[in-house]
Amino acid sequence: RIAYVNGQYLPHREASVHIEDRGYQFADGVYEVVTIVGGRMIDEEGHLDRLWRSMDELRMDAPMKREPLKMVMREVVRQNGIRDGIIYLQVTRGVAPRDHPFPKDTPSALVMTAKRLSMEKAAKTAQKGISVITVPDIRWTRRDIKSVSLLPNVLAKQEAKDKGAYEAFQVDEDGMVTEGSSTNAWIVSKEGKIITRPVSNSILAGITRASLIRELEKQGIELELRSFSVDELHSAREVFLTSSTSYVLPVVKVDDKVIGNGHPGLISQKLRAIYEQFMSSSA
Ligand code: PMP
């Protein structure tokens, strides 16, 4: 495996960053994960738009212009021989003696890695459906920024893992679901409405979420953008989540509540098919 680190393509096991990288010391960095299917990147532009937005919100300089960055992404995919997998991009505010304020004249740092993912395993998981737990959302109030400061997300995911679940849906102080630790949360209500939370500072604007919404609108499938409570989640007809690596993934159990008949719901399956169709048609 090959990694890109600040201008160099290095063997993965030899690739490293300085101990005074601000990403390491302050989590002063942002990232993106782009899925590759059949050698093609899915929603590359959307991910790069969000990366630039995250950097702008944190007043962080881009490590390079967008076109050369896209060339590095292609080179990392090529050198790793990835057909199906992901590319990980991370930008930090660079290397400087540890001090909280932004350092002067310090170039931001760019790291990229790529890895293969098994499409068969993902398909099997989707056929079976997954379980999720709910946990309090203990994150900061700028969840719209894709920051590498992921400690609350790490704790939430570990709690899910400890309880034999795949994901943890986080719940705000009003008892409303925000999103998963690395996914966006959706329900199909008892009335059959497809519901997901509107974008705001409370959640990450998922690229998969946005693409699915666009595809649904194209097909004239109705959708409600509003917050939903834990009670609604527990009594939903269907539950599913979206993310770049999970696509559309049916949820069959939430905490100790079985959703529907314990198998992926018809609407969730249909939406996964719609999203797969979108991926295979996007050049
Ligand atoms: N919410 C959070 C907190 C995430 O980390 C992710 C994964 N990046 C998502 C939602 C899903 O976003 P996307 O569809 O862009 O992968």
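A few points on the structure. (Residues numbered from 1 in each chain as written. Predicted model: local features only at pLDDT ≥ 70, side-chain atom pairs only at ≥ 80, totals over all residues. Heavy atoms only, no water.)

### So, the overall build of the protein
Piece 1. Per the secondary structure count, the protein includes eight helices and 15 strands.
Piece 2. Whereas a compact globule of 283 residues would reach a radius of gyration of roughly 19 Å, the protein reaches 19 Å, a difference of no more than 12%.
Piece 3. Along the first, second and third principal axes, the C-alpha set of the protein runs to 55 × 40 × 35 Å.
Piece 4. Across the 283 residues that make up the protein, the buried fraction comes to 49%.
Piece 5. The long-range share in the protein, meaning contacts at least 24 apart out of those at least 6 apart in sequence, stands at 70%.
Piece 6. Counting only carbon and sulfur atoms, one obtains 52% of the accessible surface of the protein, whose full area is about 14200 Å². (Helix = DSSP H or I, 4+ residues; strand = E, 2+ residues; numbered from the N terminus. Rg over C-alpha atoms; globule rule 2.2 N^0.38 Å. Buried < 20%, exposed > 50% of the residue type's maximum accessible area, 1.4 Å probe, protein only. Contact = heavy atoms within 4.5 Å. Areas by Shrake-Rupley, 256 points an atom, 1.4 Å probe, with all protein chains shown as cover.)

### Focus: the packing of aromatic side chains
Piece 1. Summed over all chains, the structure comprises five aromatic pairs.
Piece 2. Considering the side-chain rings of Tyr4 and Tyr9, the 5.2 Å spacing of their centres and the 65° angle between planes classify their relative orientation as edge-to-face.
Piece 3. Under the relative-accessibility criterion, Tyr4 is labelled buried at 6%.
Piece 4. Exposure remark for Tyr9: the relative accessible area of 32% places this residue in the partly exposed category.
Piece 5. Residues Tyr275 and Phe278 carry aromatic rings whose centres are separated by 5.5 Å and whose planes lie at 45° to one another, so their mutual orientation is tilted. In this pair, Tyr275 and Phe278 both sit in helix H8 (residues 266-281), three residues apart, roughly one turn of the helix.
Piece 6. An aromatic cluster is present here, built from Tyr247, Tyr275 and Phe278 joined pairwise through their rings.
Piece 7. Just above the ring of Phe102 sits the side chain of Arg93; from NZ or CZ to the centre is 3.5 Å. (Phe/Tyr/Trp six-rings, centres within 6.5 Å; stacked < 30°, edge-to-face > 60°. Lys NZ or Arg CZ within 6 Å of the ring centre and 35° of its normal.)

### A few points about the site of the ligand
Piece 1. The environment of the ligand is made up of 18 residues, and the closest members are Lys146, Glu179, Ile207, Thr208 and Ser244.
Piece 2. In this structure, Glu179 approaches the ligand through a side-chain N or O atom, which is 2.6 Å from a nitrogen atom.
Piece 3. Between an oxygen atom of the ligand and a side-chain N or O atom of Ser244, the distance comes to 2.7 Å.
Piece 4. Protein burial of the ligand: of its 380 Å² of free accessible surface, 93% is covered by the chains.
Piece 5. Listed by contribution, the elements that provide at least two residues to the shell around the ligand are helix H2 (44-57), strand S9 (177-180) and helix H6 (207-218).
Piece 6. A breakdown of the residues in the shell around the ligand according to their chemical character gives three nonpolar, eleven polar and four charged.
Piece 7. When residues of the shell around the ligand are assigned to domains, at least three map to each of domain 1 (2-117) and domain 2 (122-281). (Near = heavy atom within 4 Å. Polar contact = N/O pair within 3.5 Å; in protein donor to acceptor, adjacent residues only side chain to side chain. Nonpolar A, V, L, I, M, F, W, Y, C, P; charged D, E, K, R; others polar. Domains from an automatic or database assignment.)

### Some remarks on the side chain of Ser108
Piece 1. Among the secondary structure elements, Ser108 is positioned in the loop between strand S5 (85-92) and strand S6 (109-116).
Piece 2. Residue classification places Ser108 among the buried residues on the basis of a relative accessible area of 11%.
Piece 3. For Ser108, the side chain forms a polar contact with the main-chain oxygen of Asp61, separated by 2.7 Å.
Piece 4. Excluding residues that lie within four positions of it along the chain, Ser108 makes contacts with Asp61, Ala62, Pro63, Val91, Thr92, Arg93 and Gly94.

### Some details on the pattern of salt bridges
Piece 1. Evaluation of the coordinates by the stated rule reveals 26 salt bridges.
Piece 2. In this structure, Arg66 and Glu45 form a salt bridge, with 2.5 Å as the shortest nitrogen-oxygen distance. Remark: Glu45 occurs in helix H2 and Arg66 occurs in helix H3 (residues 66-79); sequence separation between them is 21 residues.
Piece 3. Note on Arg66: relative accessible area 23%, which makes it partly exposed. (Salt bridge = Lys/Arg side-chain N within 4 Å of Asp/Glu carboxyl O.)

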